[in-house]
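Listed below are the residues making up each chain.
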Amino acid sequence: MTAVAPSGRIELQDVAVSFPAGRDARLTALDGVDLVVEPGEIVALIGPNGSGKSTLLRVVAGLLAPDRGEALLDGHRIDGPDPRVGLVFQEPRLLPWRTTASNVEYPLELVRADRTARRARVAALLETVGLEAAARQLPSQLSGGMRQRAALARTLTLEPEVLLLDEPFSALDELTRERLNLELLAITANVPTTILLVTHSVHEAIFLADRVVVLSARPGRVVADVPVELARPRSLADLDAAVVTATAHTVRAHLGEAAA
Amino acid sequence: MTALSARASWSGQIPGIAAAAIALAAFVLAWKALVVVAGYPVFVLPPPELVASRFVSAWVDGTIAPHALRTLYEVALGFAIGAGLALVAGYGLARLPLAERLLSPYLVAAQATPILALAPLLALWFGPGLTAKIVICALIVFFPVAIATMVGVRAVDDRLLELARSLRATRWQVVTTLEIPAALPAIFGGLRVGVTLAVVGAIVGEWAGADRGLGLLVNLARGSLFDIPLLFATLLTIALLGIVLYAVVVFVERALVGAR
């Protein structure tokens, strides 16, 4: 190992997770998942409903311990939530009684960061996600897109090396979603960040990711690992490129097998 | 403009205070009319102007003030102690299933026993002084606040709790930054009920034996003094005390809960 290895490497080895389902029964969500995400890489997870995509994200986030196998971050076993790992949920999950700025500040408050440093960091992040004007507004006064931007800013406050995104923009309309995807790429391009994201959209997966990993229907297993040969920085126009169409075709074919 | 919207805008133009004044005037007029029409003697139902003048004179000559202060003191202290204990107990009931199973029968039994029946016993145990009244107030406040707290804490969104866990919040941070703010509206529902019950508790306690207090004054005015206008003036004082304390709770609630 080199002295300054780039950090933020995720490795899953034979990970299996099951949940109690009624008396004596267990539901197997993931069964033998092997996956490596290299530092700075963007990987999209796609699969039919119930393929355990969100479960897999929770294992990496340290919110769920696997029944079998190991989840490693930079070679160390993940045994709980880690400040180097940031998770953006499907819903914004903002605290409704706090303003946008105060919600973004929340993680820094929990780690008892210095107050002036906190303010500066929050102001910078609000600018990054374009919410300066909404800093003093409550979540109920924000649009869906603004809420999810605030949630993204909140996750970025602790400067995570790994960003986990659980269908973060799925509740938004298509236009807002495309814009936020572009912004996400712009924001994370400046800081080397490993990204593992769950999505339902083949095009979104291809647009964002270096690799698209296809999971099978329950119990979830990796059935395909499709590289995306599309140069960065990417723009929405790239979605019309022949590579995208071909990649989408491959992913869909694997999804078809996965659902079967 | 339709008739319905015309009516709505008409009622919207009357300020709340004016509406309250009109309602009060109507109540006093109806009272006066009842006395005049039915011809009740003063010792059954004194007319409103007599009660009003007795109310003023009894406050000016210092007949009511020391009793009112004593009752206020009992209510404030009993409410603070009862509500404080209830917040802790309510939290325990919400988060420790065993606590709820073991304790809820006793809680309900204590609540179902009329405070009127307990008051003489408590007077016997604690004597005619302050302690018995404070205990009664605390007892009567405890149940609504504990139940409201339990319901409020249980209703905290699991997704917000998961967010806090992913941010590695400590148990205490979860309580202070998430559970209490989220449960606050429900808790204040309990406090509103509790504060009016606390007034009832103090009066009942004084009724069972006291050297001072509005409950004692009711007894004196009805008995040895046989001053029925004073009895009504005392009842008015009790009602006003309840209204003022309720308004204080609502004021604090507005300041703490605010708009969400």
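Notes on the structure follow. (Residues numbered from 1 in each chain as written. Chains lettered and ligands numbered in written order. Predicted model: local features only at pLDDT ≥ 70, side-chain atom pairs only at ≥ 80, totals over all residues.)

### Topic: unusual backbone geometry
All names here are of chain A.
Right, on to step 1. For the bond running from Arg218 to Pro219, omega is -5°, close enough to zero to count as cis.
Right, on to step 2. Position of Pro219 relative to the elements: it lies in the loop between β9 (211-215) and β10 (222-227).
Right, on to step 3. Of note, the bond from Arg232 into Pro233 is cis; its omega dihedral lies within 30 degrees of zero at -5°.
Right, on to step 4. Among the secondary structure elements, Pro233 is positioned in the loop between β10 and α7 (242-259).
Right, on to step 5. Within the chain, Asp24 stands out as a residue other than glycine whose phi angle is a positive 65°.
Right, on to step 6. With respect to the secondary-structure elements, Asp24 resides in the loop between β1 (10-20) and β2 (26-37).
Right, on to step 7. Under the C-beta neighbour-count criterion, Asp24 is labelled exposed, with 6 such atoms within 10 Å.
Right, on to step 8. One non-glycine residue, Arg112, adopts positive backbone phi at about 55°.
Right, on to step 9. Mapped onto the elements of the fold, Arg112 is located in the loop between α2 (100-110) and α3 (115-128). (Helix = DSSP H or I, 4+ residues; strand = E, 2+ residues; numbered from the N terminus. Buried ≥ 20, exposed ≤ 12 C-beta atoms within 10 Å, placed from the backbone.)

### Here's the deal with the interface of chain B and chain A
As a measure of interface size, the accessible area lost when the parts come together is often cited.
Right, on to step 1. Taken together, the contacts link 13 residues of chain B with 15 residues of chain A.
Right, on to step 2. Mapped onto the side of chain B that touches chain A, the elements with two or more residues apiece are α8 (158-166) and α9 (171-207) of chain B.
Right, on to step 3. Per-element accounting of the side of chain B that touches chain A gives the leading share, 6 residues, to α8(B).
Right, on to step 4. Residue composition of the side of chain B that touches chain A, grouped by class: 6 nonpolar, 2 polar and 5 charged. (Contact = placed C-beta atoms within 7 Å. Nonpolar A, V, L, I, M, F, W, Y, C, P; charged D, E, K, R; others polar.)

### Regarding the environment of Leu156(A)
Residues and elements named next belong to chain A.
Right, on to step 1. Along the polypeptide, Leu156 turns up in helix α4 (residues 144-156).
Right, on to step 2. Overall, Leu156 belongs to the buried group, with 23 C-beta atoms counted inside 10 Å.
Right, on to step 3. Residues Leu156 and Thr55, spaced 101 residues apart in sequence, show a C-alpha to C-alpha distance of 22 Å.
Right, on to step 4. Not counting residues within four places of it along the chain, the set of residues in contact with Leu156 comprises Gly86 and Leu125.

### With respect to the nonpolar core
Right, on to step 1. Within the largest apolar cluster, 129 residues are counted, with the highest numbers of intra-cluster contacts made by Val60(A), Val212(A) and Val141(B).
Right, on to step 2. Ranked by residue count, the leading element in this core is helix α7 (residues 130-154) of chain B, at 17 residues.
Right, on to step 3. With sequence-adjacent residues up to four places away left out, Val212(A) is seen in contact with Ala44(A), Ile46(A), Ala205(A), Ile206(A), Val226(A), Val228(A) and Val251(A). (Core = buried A, V, L, I, M, F, W, Y, C linked by C-beta atoms within 7 Å.)

### Describing helix α3 (residues 48-60) of chain B
Residue and element names in this part refer to chain B.
Right, on to step 1. Across its 13 residues, α3 extends 18 Å between first and last C-alpha, which sits within 8% of the 18 Å expected from 1.5 Å per residue.
Right, on to step 2. In this fold, the buried residues of α3 make contact with α11 (228-257).
Right, on to step 3. Two residues or fewer past α3, Gly62 is found with a positive phi of approximately 80°. (Expected span 1.5 Å × (residues − 1).)

### Quick word on the pairing of β1(A)
Residues and elements named next belong to chain A.
Right, on to step 1. Sheet analysis places β1 next to β2, joined by 8 bridges and oriented antiparallel. By the bridge assignment, Phe19 is partnered in β2 with Leu27.
Right, on to step 2. Between β1 and the antiparallel strand that follows it, β2, lie 5 residues; Gly22 among them carries a positive phi value of about 75°.
Right, on to step 3. The pairing of β1 with strand β4 (residues 68-73) spans 5 bridges and is antiparallel. By the bridge assignment, Ala16 is partnered in β4 with Arg68. (Pairing = 2+ DSSP bridges.)

### Details of the pairing of β10(A)
All names here are of chain A.
Right, on to step 1. Examined bridge by bridge, β9 and β10 share 5 bridges and lie antiparallel to one another. Each bridged residue has a counterpart across the sheet, and for Val214 the counterpart in β10 is Ala224.
Right, on to step 2. The loop that links β9 with its antiparallel partner β10 comprises 6 residues.

### Brief notes about the sheet that holds strand β6 (residues 85-88) of chain A
Residue and element names in this part refer to chain A.
Right, on to step 1. If you walk across this open sheet you meet the 6 strands as β6-β7-β8-β3-β9-β10, and the pairing is mixed. At either end of the open sheet lies a strand with only one pairing partner, and these are β6 and β10. Recorded for the sheet is a direction-independent mean angle of 15° between the axes of neighbouring strands.
Right, on to step 2. By the bridge criterion, 4 bridges tie strand β3 (residues 42-46) to strand β8 (residues 194-198) in an arrangement that is parallel. Residue pairing for β8: Ala44 is matched across the bridge by Leu197.
Right, on to step 3. Each of β3, β9 and β10 touches α7; the most contacted strand, β10, lies at about 180° to it. (Axes fitted to C-alpha atoms, helices over the stretch in contact; angles between N-to-C directions.)

### Observations concerning the packing of α8(B) against α9(B)
Residues and elements named next belong to chain B.
Right, on to step 1. Packing of α8 against α9 leaves a shortest axis separation of 11 Å and a crossing angle of 165°. Here α8 lies roughly antiparallel to α9, going by the angle between them. Pair α8 / α9 crosses with right-handed handedness. On α9, the residues that touch Leu160, Leu161 and Ala164 of α8 are Val174, Leu178 and Ala182. (Parallel < 35°, antiparallel > 145°, perpendicular 65-115°, else oblique. Left-handed = near helix turned anticlockwise from the far one by under 90°.)

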